[in-house]
Amino acid sequence: MRLHLVDGTYELYRAHYSPRPGTTAPDGRDVKATAGVMDSLLALLHDETEAVTHVAVAFDNPIRSFRNALFAGYKGDEGVPPELRAQFDLVEQAVEALGVRVWSMKDHEADDALATAAARWAGEVEQVRLLTPDKDLGQCVRGQHVVQVDRRQQKVMDADAVKAKLGVAPESVPDLLALMGDDADGIPGLPGFGAKGAATVLQAYGHLEAIPDSAAEWTAKPRGADKLAATLKAHREDARLYRTLATLVEDAPLPGTASLKDLEWKGVPEARFKAFCEGLGLKSLQRRPKRWAA
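Residues numbered from 1 in each chain as written. Predicted model: local features only at pLDDT ≥ 70, side-chain atom pairs only at ≥ 80, totals over all residues. Heavy atoms only, no water.

**Q** Just give me the short version of helix H7 (residues 159–166), but keep the residues and values in it.
**A** Looking at H7, one finds that the buried residues are Ala-159, Val-162 and Leu-166. The arc that holds the buried residues of H7, viewed along the axis, is 55°, so those residues lie on one side. Facing away from the buried side of H7 by more than 90 degrees, the exposed set consists of Asp-160, Ala-164 and Lys-165. Looking at the buried positions of H7, the neighbouring elements they touch are strand S6 (155–157), helix H8 (173–180) and helix H9 (195–205). The N-cap residue of H7 is Asp-158: its side-chain oxygen and the backbone nitrogen of Asp-160 are 3.2 Å apart. Gly-167 occupies a position one or two residues after H7 and carries a positive phi of about 90°. (Buried < 20%, exposed > 50% of the residue type's maximum accessible area, 1.4 Å probe, protein only. Helix = DSSP H or I, 4+ residues; strand = E, 2+ residues; numbered from the N terminus. Arc of directions from axis to C-beta. Contact = heavy atoms within 4.5 Å. Polar contact = N/O pair within 3.5 Å; in protein donor to acceptor, adjacent residues only side chain to side chain.)

**Q** Report on the pattern of salt bridges, specifying residues and quantitative values.
**A** All chains considered together, the criterion is met by 21 salt bridges. Two residues, Asp-39 and Arg-20, come together in a salt bridge whose shortest N-O distance is 3.5 Å. With a gap of 19 residues between them, Asp-39 in helix H2 (residues 32–45) and Arg-20 in the loop between helix H1 (8–16) and H2 connect regions that are remote in the sequence. A salt bridge links Glu-50 to Arg-129; the shortest N-O distance between them is 2.8 Å. (Salt bridge = Lys/Arg side-chain N within 4 Å of Asp/Glu carboxyl O.)

**Q** Explain the environment of Thr-247 to me, and be specific about the residues and the numbers.
**A** Along the chain, Thr-247 falls in the loop between helix H11 (236–246) and helix H12 (270–280). By relative accessible area, which is 32% here, Thr-247 ends up partly exposed. The spatial distance from the C-alpha of Thr-247 to the C-alpha of Leu-131 is 18 Å, given a sequence separation of 116 residues. Leaving out residues up to four positions away in the same chain, Thr-247 has contacts with Arg-67, Gln-139 and Pro-174.

**Q** Requested: an account of unusual backbone geometry, with residues and values cited.
**A** Put simply, Asn-61 and Pro-62 share a cis peptide bond, and its omega is 10°. Position of Pro-62 among the secondary structure elements: in the loop between strand S2 (54–60) and helix H3 (67–70). With phi around 50°, Ala-51 is a residue other than glycine that occupies positive phi space. For Ala-51, a relative accessible area of 38% translates into the label partly exposed. One non-glycine residue, Gln-154, adopts positive backbone phi at about 55°. When you line up the elements, Gln-154 lands in the loop between strand S5 (146–150) and S6.

**Q** For the packing of aromatic side chains, give the residues involved together with the corresponding values.
**A** The description of an aromatic ring pair uses the distance of the two centres, along with the angle that the planes make with each other. One pass over the structure, following the stated rule, counts 3 aromatic pairs. A ring pair is formed by Phe-71 and Tyr-242, whose centres lie 5.7 Å apart and whose planes are at 70°; its orientation type is edge-to-face. Here Phe-71, found in the loop between H3 and helix H4 (82–85), pairs with Tyr-242, found in helix H11; they are 171 residues apart in sequence, far enough to count as distant. For Phe-71, a relative accessible area of 19% corresponds to the buried category. Over the ring of Trp-121 we find Arg-120; its NZ or CZ atom is 5.4 Å from the centre of that ring. (Phe/Tyr/Trp six-rings, centres within 6.5 Å; stacked < 30°, edge-to-face > 60°. Lys NZ or Arg CZ within 6 Å of the ring centre and 35° of its normal.)

So, in structure tokens, the structure goes:
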């Protein structure tokens, strides 16, 4: 029994910017991204190697959260193409038409939903698979029991792989992002701290609080250690704020979900799915399902 947790917002953006042909509904709406997400999820649901038994897809709707109140520069919905924004509600309906649980996140983010579900049900399944390449989800990885999956690159990352890629253990990922920043989320990081320098220091100390103020006390010294130490000493409060922004919540509300049983996938509900596809003119998708709900 596996729990598949999908970052729906990532899937939506990936489908929108993919080279796949455009798709227009009979009423003239651009539904390329929605059709792409449905196609991608159908491939996942029928993938025998993935062996999906329990699954949920989380979306940022809107792309704002409690973090925007903490830091004005945090990512928002500015710059979202209008044809993509118009599909935020539609894609949730599309995923529900596949018989899959949808978490529409309002004050929290899709990543918080994934982190919450992983923490809540890891002990009830053989493996939790976090389907997103976003590096902030690396903090949720636990051994080979909770893993991160990049479907596009066909990579599965356990705790050792996270450390090999980022240079730090999963529990230090928020500290790493606080120092080096994360452009995708609007976290600026501290001046001078790149990925390598931040990882070198955190390999020795694990978390921000354990890093000495003086570089003379550092047991691991990246290039420019004196300057980096001075920067950290002067901006520790900023670093703590950035770490808060990068730390995923493990008690976010999961709409419509009381237990793991609520995430069981029983197949595609035929009538609902076909009606949805008919409404959007997605004739080719209607032939895709291999497993219908009883």
